[in-house]
2 protein chains.
Amino acid sequence: AEEGELSPVATEDDALYQAALEEIDDCQSQIDSLNEQASEEILAVEVRFNTLRKPHYSKRAEIIAKVPRFWITTFMNHPQLSLTIPEEQQHCLQDLQNLLIEEFEDIKNGYKIILKFNPNNPYFENESLIKEYRLEGNGQPKSVVTPIKWKPGKNFLADNADRGSRKRKASDSSFFSWFTDSNHSSLDEIADILKDEIWPNPLQFFMMPEALSEEGDDDGDVED
Amino acid sequence: AEEGELSPVATEDDALYQAALEEIDDCQSQIDSLNEQASEEILAVEVRFNTLRKPHYSKRAEIIAKVPRFWITTFMNHPQLSLTIPEEQQHCLQDLQNLLIEEFEDIKNGYKIILKFNPNNPYFENESLIKEYRLEGNGQPKSVVTPIKWKPGKNFLADNADRGSRKRKASDSSFFSWFTDSNHSSLDEIADILKDEIWPNPLQFFMMPEALSEEGDDDGDVED
Ligand SMILES: [Ca+2]
Ligand SMILES: [Ca+2]
Ligand SMILES: [Mg+2]
Ligand SMILES: [Mg+2]
């Protein structure tokens, strides 16, 4: 008799408990669906503004290309980036005429860093060096780089290796080592600086007062 | 004569150079203004969806409050959070009837974590314990907590200190130590777990299969 009384009560409790969990699950589905809608709307805003920003970036690029040594000056005025650019690479980057960041059409999938050089530069044949950061289907980041076609005797990365230690690849944290390294590595800090600090506003680094930059006077028009 | 020839050329070059920088600056202003508009539109989407989500969160809270030990079960099924809840705190958190995260109206300014307890709980008089995370004007995070009104002899934080080491405050990384600590500290990982992992979907932790949780069977309705 006691078992007979307990059983229906337990069943009723179980039913109430199950019903509560299902109601919570229903609320959760509504919340999830709103979260998804919000993400889509935010993505749409970002895509729309990318399109609106594009002509201004293009015009900026066009004018910047006319200013001699704009990018090397900008890079050397960046406190961290300047540390990755040894003398020979500074010389090579004098011929960097444009830096462009292009997000993929589906901006969640990645972006490209495009470096456009003076085609007459003494170091390599390439006019554009492109480093792509893709997010693979499994969520893993992957990078793909343009192979550099060095002019004879001009590969300063190989030169270094010949002259010095065999550990160059592991220990060299220079700008061009970063570019040529297609492993996702600690050097990707350079990609972050280019994408998140330089690209949004390069002029602020280009114009940085002498006192704040690592380099001395090399533009000849400072009155001192 | 040579000086006379050089000077106008230099002036013309300087003028072109200055004009280029001004044009770059104009592009930059347009880009900055678009960035600002994009941020405002994204914020507006977030605010709008917060409003749309609110009734579903309220309904969820209402139903959850009817499920005994919902929050302590959820917390104990979270792999990291469970490690911060020693036995006496587990007992106390049996009386946690609701957890709510409320963003400030200007969501950039901060949020509150609200813990609603059974007012008849044996440990303290408070019905709600609130921990606020504010972003101050200077961008520094600041937190403000409800002082706990312990019932006589029930302050398990003070008890610990009496019984054991004087270093409790520094070494204790328990749930209630986190709550009472108003310094922005490493314990704020607990706030992140509550806000970013538990709050968006507590049911997934509540329902987590026994095998994945740290705790054994304590809900009595598993067939084994
Ligand atoms: Ca200079
Ligand atoms: Ca259990
Ligand atoms: Mg450019
Ligand atoms: Mg709730």
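These numbers come from a predicted model, not from an experiment.

A.B. asks: Would you mind showing me how to read the relation of the copies chain B and chain A here?
C.D. replies: Each of the two copies of the chain can be brought onto the other by a rotation about an axis and a shift along it. With an RMSD of 0.1 Å, the operation that places chain B on chain A is a rotation of 180° combined with a shift of 0.0 Å along the axis. The two molecules are tied by a two-fold rotation axis, judged by turn and shift. Residue B:I42, judged by its C-alpha, is the member of chain B lying nearest the rotation axis, at 2.9 Å. Both copies present the same face, since 97% of the interface residues in chain B are matched by interface residues at the equivalent positions in chain A.

A.B. asks: Mind showing me how you'd approach the pairing of strand β2 (residues 110-117) of chain A here?
C.D. replies: Taken residue by residue, a regular strand's side chains alternate between the two faces of the sheet. Residues and elements named next belong to chain A. Burial of β2 is extensive: 6 of the 8 residues sit out of reach of the surface. Counting the residues that bridge the hairpin from strand β1 (residues 96-103) to β2 gives 6 residues. Note that β2 and strand β3 (residues 128-135) share 7 bridges and pair antiparallel. Counted as the bridge partner of G110 is R134 from β3.

A.B. asks: Would you mind showing me how to read the interface of chain B and chain A here?
C.D. replies: By convention, interface size is frequently given as the accessible area that disappears when the constituent parts associate. Facing the 38 residues of chain B at the interface are 37 residues of chain A. Taken over both partners, the interface formed by chain B and chain A buries close to 3600 Å², and the fraction arising from carbon and sulfur atoms is 72%. Scanning the region where chain B abuts chain A turns up 2 salt bridges. Of the charged contacts, one joins B:R48 and A:E41 as a salt bridge, the two residues approaching to 2.4 Å between their closest N and O atoms.

Cut-off values and rules
- Residues numbered from 1 in each chain as written.
- Chains lettered and ligands numbered in written order.
- Predicted model: local features only at pLDDT ≥ 70, side-chain atom pairs only at ≥ 80, totals over all residues.
- Heavy atoms only, no water.
- Least-squares fit on C-alpha atoms with pLDDT ≥ 70 in both.
- Contact = heavy atoms within 4.5 Å.
- Buried < 20%, exposed > 50% of the residue type's maximum accessible area, 1.4 Å probe, protein only.
- Helix = DSSP H or I, 4+ residues; strand = E, 2+ residues; numbered from the N terminus.
- Pairing = 2+ DSSP bridges.
- Buried area = accessible area lost by both parts, 1.4 Å probe.
- Salt bridge = Lys/Arg side-chain N within 4 Å of Asp/Glu carboxyl O.

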